[in-house]
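Descriptive structure summary
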Amino acid sequence: MFKFRIIGFTLLMALLAGIFFWRPYGIYLFWVTAPLMAAMAIYECAKMFNDAGRKNFPVITTAAFYALTMLAMLTTHWRPAGVIGLALLTLLSISGGVVMLLKNEIITEKYLNSCGILLFLAPAMFGFLGSFECRNGGAPVGAWLLFLCLATKATDTGGYIVGTLTSKLPGGNHKIAPALSPKKSWEGLIGGMCLSLAVGWAFAHFAAYASLIWYLAAAAMLSLGSFFGDLAESAVKRMCDVKDSGHWVPGMGGAFDVLDSFIFNGILFHAALLFI
């Protein structure tokens, strides 16, 4: 399991490296892969709920999210996309009223469940995607996304390594929420936060687009956000009685399993950028 997790992590880091260092095509790689992975996460979540008896519209929900995501990204470079996005949001709002007027319990339930899934994941994904265009502190495009990804995933990686090692000690380690995630421990959380803080320290010394205090505070916040995002996904999987949302990434599961750390971190990070 550990070997496959390392392979999966290496593949994701290689993808990030291609986005940031493959000039001038990295931005196109981002435009293709980021919305696609986010849409896959939405679809996996919707399908899990659907299979568990909480009926929704997996394909329509995914298509709507993908369209909104692409329009949000295009808005930065093509202004009419913002108008189209606003029109699409208006259409979605009107569709809710139409669904209610139909007085069909099955369709209404599916519609409301679909909206719930979008409200659960869309803000995080938009925050994650939007950080690529952020230039706070004079940083180049993509610099903040790199910090967001590394500080967030450092918590996952550090937590997994330390949690696995401490679980082999006499008496094991101290579990946090065994009913939701049996393997998560306080030792793993501390180990993950330490690695995330190390990422913050490295950025403060080698990138320096913000102060050391800001980087360390942001890293600590992202570490906690990553933990609670992972816990939220664990709760969803427990509710739906599944182990992994998919099998796309070796050792890590599906797209939802990979992006669960950003459920809260996309928005939290944008809030942190206001204090530079």
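Here the structure is shown first, and the text comes after it.
These remarks concern the structure in this document.

Along the protein chain, the regular secondary structure elements total 10 helices and 0 strands. Reading the helices (α) and strands (β) of the protein chain from amino to carboxyl end gives α-α-α-α-α-α-α-α-α-α. Burial statistics for the protein chain: of 276 residues in total, 46% are counted as buried. As presented, the protein chain carries roughly 14000 Å² of accessible surface, and 73% of it is formed by carbon and sulfur atoms.

Another aspect to go through is unusual backbone geometry. Unlike most non-glycine residues, Ala208 shows phi in positive territory, near 55°. Within the secondary structure layout, Ala208 lies in the loop between α7 (186–206) and α8 (212–240). A relative accessible area of 49% places Ala208 in the partly exposed class. In the Ramachandran plot, Asp241 falls in the positive-phi region, its phi being about 60° despite a non-glycine side chain. You can see Asp241 is positioned in the loop between α8 and α9 (255–259).

Once the charged atoms of two side chains with opposite charge are near each other, the side chains can pair. In the structure shown here, the tally under the stated rule is 5 salt bridges. In this structure, the salt-bridge partner of Lys153 is Asp156, at a minimum N-O distance of 3.0 Å. With Lys153 and Asp156 both in helix α6 (residues 143–166) and 3 residues apart, the pair spans about one turn of that helix. One exposure class covers both Lys153 and Asp156, and it is buried.

With that settled, the discussion passes to the nonpolar core. Ranked by size, the top nonpolar core spans 53 residues in total, and within it Phe65, Trp144, Phe147, Trp214, Tyr215, Phe256 and Phe269 carry the most contacts. When residues of this core are traced back to their parent elements, those giving at least two are α1 (2–21), α2 (26–51), α5 (105–130), α6, α7, α8, α9 and α10 (262–273). Among the elements that take part in this core, α2 stands out by supplying 12 residues, more than any other. Aside from chain neighbours lying at most four places away, what touches Phe147 is Thr152, Val199, Gly200, Phe203, Trp214, Tyr215, Ala218, Ala219, Leu222 and Phe269.

This paragraph deals with the packing of aromatic side chains. This model, assessed by the stated rule, comprises 12 aromatic pairs. When the centroid spacing of 5.2 Å and the interplanar angle of 75° are considered together, the rings of Phe227 and Phe228 count as edge-to-face.

Turning our attention to the packing of α6 against α10. At a minimum axis separation of 11 Å, α6 and α10 run at an interaxial angle of 130°. Put simply, α6 runs oblique to α10. As for the relative orientation of α6 and α10, their crossing is right-handed in sense. Here Trp144, Phe147, Leu148, Cys149, Thr152 and Lys153 of α6 lie close against α10, whose contacting residues are Phe262, Asn265, Phe269 and Leu273. When grouped by side-chain class, the residues that make up the contact of α6 with α10 number 7 nonpolar, 2 polar and 1 charged.

Let us now look at a nonpolar patch on the surface. Together, Ile94, Val98, Leu102 and Ile107 give the surface a local cluster of nonpolar side chains, amounting to about 330 Å² of exposed area. Ranked by the residues each element gives to the nonpolar patch, the list is headed by helix α4 (residues 80–102), at 3 residues. Topologically, Ile107 is positioned in helix α5. With relative accessibility at 31%, the residue Ile107 sits in the partly exposed group.

Another aspect to go through is the side chain of Asp260. Turning to its location among the elements, Asp260 is positioned in the loop between α9 and α10. No salt bridge is formed by the buried Asp260; the nearest opposite charge belongs to Lys153, separated by 4.3 Å.

Before going further, it helps to spend a moment on α7. Between its terminal C-alpha atoms α7 stretches 30 Å, which fits the 30 Å expected from 21 residues at 1.5 Å a residue. Listed as buried for α7 are Gly188, Leu189, Gly191, Gly192, Ser196, Val199, Gly200, Phe203 and Ala204. Those residues of α7 that are buried lie in contact with α6 and α8. Immediately downstream of α7, the backbone of Ala208 shows phi near 55°, a positive value.

Okay, the environment of Lys237 next. With respect to the element layout, Lys237 can be found in helix α8. Residue classification places Lys237 among the buried residues on the basis of a relative accessible area of 11%. Considered as a pair, Lys237 and Leu180 are 57 residues apart in the sequence and their alpha carbons are 8.9 Å apart. A polar contact is formed between the side chain of Lys237 and the side chain of Asp257, at a distance of 3.0 Å.

What counts and how
- As a convention, each chain's residues are numbered from 1 in the sequence order in which they are written.
- Under the rules for a predicted model, residues below a pLDDT of 70 receive no local features and side-chain atom pairs below 80 are neither given nor counted, while totals for whole chains, interfaces and linings still include all residues.
- Just so you know, side-chain values use all the structure's heavy atoms and leave hydrogens and water out.
- Comment: elements are numbered from the N terminus, with helices defined as DSSP H or I runs of at least four residues and strands as E runs of at least two.
- In this scheme, a residue with accessible area under 20% of its type's maximum is buried, one over 50% is exposed, and one in between is partly exposed, where area comes from a 1.4 Å probe on protein chains only.
- Using a 1.4 Å probe, the Shrake-Rupley method yields the accessible areas, and only the shown protein chains count as cover for residues.
- Take a side-chain nitrogen of Lys or Arg and a carboxyl oxygen of Asp or Glu: if they are within 4 Å of each other, that pair is a salt bridge.
- Take the buried Ala, Val, Leu, Ile, Met, Phe, Trp, Tyr and Cys residues and link them wherever side-chain atoms come within 4.5 Å; each set so joined is a nonpolar core.
- For this analysis, residues touch if any pair of their heavy atoms sits within 4.5 Å.
- Pairing of aromatic rings covers Phe, Tyr and Trp, the last through its six-membered ring, and needs centres within 6.5 Å; plane angles under 30 degrees mean stacked, over 60 mean edge-to-face, and all others mean tilted.
- Working convention: axes come from line fits to C-alpha atoms, limited for helices to the stretch in contact. Angles between N-to-C directions cover 0 to 180 degrees.
- An angle below 35 degrees is read as roughly parallel, one above 145 as roughly antiparallel, one from 65 to 115 as roughly perpendicular, and any other as oblique.
- In this scheme, a crossing is called left-handed if the near helix is turned counterclockwise away from the far one by less than a right angle; it is called right-handed if the turn is clockwise.
- Charged residues are taken to be Asp, Glu, Lys and Arg, nonpolar residues to be Ala, Val, Leu, Ile, Met, Phe, Trp, Tyr, Cys and Pro, and polar residues to be all remaining types, Gly included.
- Nonpolar side chains (Val, Leu, Ile, Met, Phe, Trp, Tyr) within 5 Å and like charges within 9 Å form the patches, drawn only from residues with over 30% relative accessible area and no salt bridge.
- Charged residues are defined narrowly, with Lys and Arg counted positive, Asp and Glu counted negative, and His plus the chain ends left uncounted.
- Expected span of a helix, by definition, is 1.5 Å for each gap between consecutive residues, and there is one gap fewer than residues.
- Each polar contact in these results corresponds to two N or O atoms within 3.5 Å; when the atoms are within protein, one needs to be able to donate a hydrogen and the other to accept it, and residues that are neighboring in sequence are counted only if both atoms are side-chain atoms.

Note that every value here comes from positions in space, so none of it alone points to a role or purpose.
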